[in-house]
Amino acid sequence: GPDRQITVERLVAAVDCGRVINPSLAEQQVESGLVWGLAQATIDAPEWIAGMPRARSFGGLGIPRISDIPQIMVKIIPSSADPGGLNGLSTTVVAPAVANAIYAGSGTRLRSLPFAVPE
């Protein structure tokens, strides 16, 4: 946008994790991982003083609030395979997806976290 802030409006995930025992819980795990991955990609970078990160309040970290969370759609792929688990699965894919979307929209390639659009 004009303020050069990164805004994600929608996150979509299709997940094949084997047989799902509780689909609602599986969706919640994927959603929470997507939100955490987005937070890690867009949070304010730490300030370093003498090789140590400067302490900040929790509110000063820039973690997304509920009103900042984009629309999230999760599709669990039906499978009869053994359950594979969801631990950390969705967190790792958010930053590369956001980086690719920024590149597609602006031509700017961001290669380090947290993302900050260069001036």
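See the structure shown above.
No experiment lies behind these values; they were computed from the predicted model shown. (Residues numbered from 1 in each chain as written. Predicted model: local features only at pLDDT ≥ 70, side-chain atom pairs only at ≥ 80, totals over all residues. Heavy atoms only, no water.)

Undergrad: Teacher, can you tell me more about the overall build of the protein here?
TA: Of regular secondary structure, the protein possesses two helices and four strands. In the protein, the succession of helices and strands from N to C terminus is β-α-β-β-β-α. The dimensions of the protein, computed from C-alpha atoms along their principal axes, are 50 × 35 × 25 Å. For the protein, the proportion of its 119 residues judged to be buried stands at 23%. Residue pairs in contact within the protein that sit at least 24 positions apart in sequence constitute 74% of those at least 6 positions apart. Just so you have it, the protein exposes about 8,300 Å², and 54% of that area is on carbon and sulfur atoms. In the protein, 9 positive and 10 negative side-chain charges are present, and the distance between their average locations comes to 4 Å. (Helix = DSSP H or I, 4+ residues; strand = E, 2+ residues; numbered from the N terminus. Buried < 20%, exposed > 50% of the residue type's maximum accessible area, 1.4 Å probe, protein only. Contact = heavy atoms within 4.5 Å. Areas by Shrake-Rupley, 256 points an atom, 1.4 Å probe, with all protein chains shown as cover. Lys, Arg positive; Asp, Glu negative; His and termini not counted. Charge placed at Lys NZ, Arg CZ, Asp CG, Glu CD.)

Undergrad: Which parts of the structure should I look at to understand unusual backbone geometry?
TA: With glycine set apart, most residues show a phi of negative sign, and most peptide bonds adopt trans. A cis geometry characterises the amide bond from L113 onward to P114, with omega recorded as -10°. Relative to the helices and strands, P114 is located in the segment after helix 2 (91–106). Despite not being glycine, A50 shows a phi value in the positive range, around 55°. The class for A50 is exposed, based on a relative accessible area of 81%.

Undergrad: What am I meant to see in the pattern of salt bridges here?
TA: Opposite charge on two side chains lets them pair, provided their charged atoms get close. Under the criterion given, the structure shown has one salt bridge. One salt bridge in this structure joins E47 and R54, with 3.1 Å as the shortest N-O distance. Judged by its relative accessible area of 46%, R54 falls in the partly exposed class. (Salt bridge = Lys/Arg side-chain N within 4 Å of Asp/Glu carboxyl O.)

Undergrad: Would you explain helix 2 in this entry?
TA: Counting along an α-helix, one turn takes 3.6 residues, and residues three or four places apart therefore face a common direction. Taking 1.5 Å of rise per residue, 16 residues should cover 22 Å, and helix 2 covers 24 Å from first to last C-alpha, within 8% of that figure. Of the residues making up helix 2, those classed as buried are V94, A95, V98, A99 and I102. Seen along its axis, helix 2 keeps its buried residues to an arc of 125°; they face one direction. Turned more than 90 degrees off the buried face of helix 2, the exposed positions are T92, A101 and A104. Considering only its buried residues, helix 2 is in contact with helix 1 (23–42). Downstream of helix 2 by a residue or two, G107 has a phi angle that is positive, lying close to 80°. (Expected span 1.5 Å × (residues − 1). Arc of directions from axis to C-beta.)

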